[in-house]
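# Tertiary structure, described
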Amino acid sequence: MRRVEGLSQQEIARRMNLSQHTIQKQVARGIKLLLAQLGREEADEDGVADQKKKTRSVERDHAAAKRKVH
C-alpha cells in the first residue's frame, strides 16, 4: 500500500486497524523476504552459469579426445 498506492504508514495503519508499529514491522519483514528471495534467484542464476561453463569444458575435452583417437 505504501509503495503502490503511496499511502503513509499512518494511513495504512488506520485503514487496516493496526498500530503503526505493526505496519513498520511487517514492511521490514516483507523487505527482508524479498531480499532473501532475490539472493536465492541470483545464486540460482550463478549456478546455472557455472553448470553451462562445466558442460562446455567437458564437451571441449571430449572433442579433443576424439580428435586424438582419429
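Here the structure is a predicted model, which means the values were calculated and not measured.

## Re the overall build of the chain
- Counting its regular elements, the chain contains 3 helices and 0 strands.
- A burial count over the chain gives 6% of its 70 residues as buried.
- Here the chain displays about 6,400 Å² of accessible surface, and carbon together with sulfur accounts for 53% of that area.

## Regarding a nonpolar patch on the surface
- A contiguous nonpolar surface patch, about 360 Å² in accessible area, is contributed by Val 27, Ile 31, Leu 35 and Leu 38.
- Tracing the sequence through the fold places Leu 35 in helix 3 (residues 20-69).

## Digging into unusual backbone geometry
- In the Ramachandran plot, Asn 17 falls in the positive-phi region, its phi being about 55 degrees despite a non-glycine side chain.
- By the element assignment, Asn 17 lies in the loop between helix 2 (9-16) and helix 3.

## A few points about the pattern of salt bridges
- Inspection of every chain in the model, using the stated rule, returns 3 salt bridges.
- Salt-bridge contacts for Glu 11 lead to Arg 14; the nearest nitrogen and oxygen are separated by 2.6 Å. Placement of both Glu 11 and Arg 14 in helix 2 is noted, with a separation of 3 residues, approximately one turn of the helix.
- Given the relative accessible area of 21%, Glu 11 is considered partly exposed.

## What to know about the environment of Ile 12
- Within the fold, Ile 12 resides in helix 2.
- Ile 12 sits in the buried class, given a relative accessible area of 6%.
- Here the alpha-carbon distance between Ile 12 and Met 1, two residues 11 residues apart in the chain, equals 7.0 Å.
- Excluding its chain neighbours within four sequence positions, the residues that come into contact with Ile 12 are Met 1, Arg 2, Leu 7 and Ile 23.

Cut-offs applied
Residues numbered from 1 in each chain as written. Predicted model: local features only at pLDDT ≥ 70, side-chain atom pairs only at ≥ 80, totals over all residues. Heavy atoms only, no water. Helix = DSSP H or I, 4+ residues; strand = E, 2+ residues; numbered from the N terminus. Buried < 20%, exposed > 50% of the residue type's maximum accessible area, 1.4 Å probe, protein only. Areas by Shrake-Rupley, 256 points an atom, 1.4 Å probe, with all protein chains shown as cover. Patch = residues over 30% accessible without salt bridge, like charges linked within 9 Å, V, L, I, M, F, W, Y side chains within 5 Å. Salt bridge = Lys/Arg side-chain N within 4 Å of Asp/Glu carboxyl O. Contact = heavy atoms within 4.5 Å.

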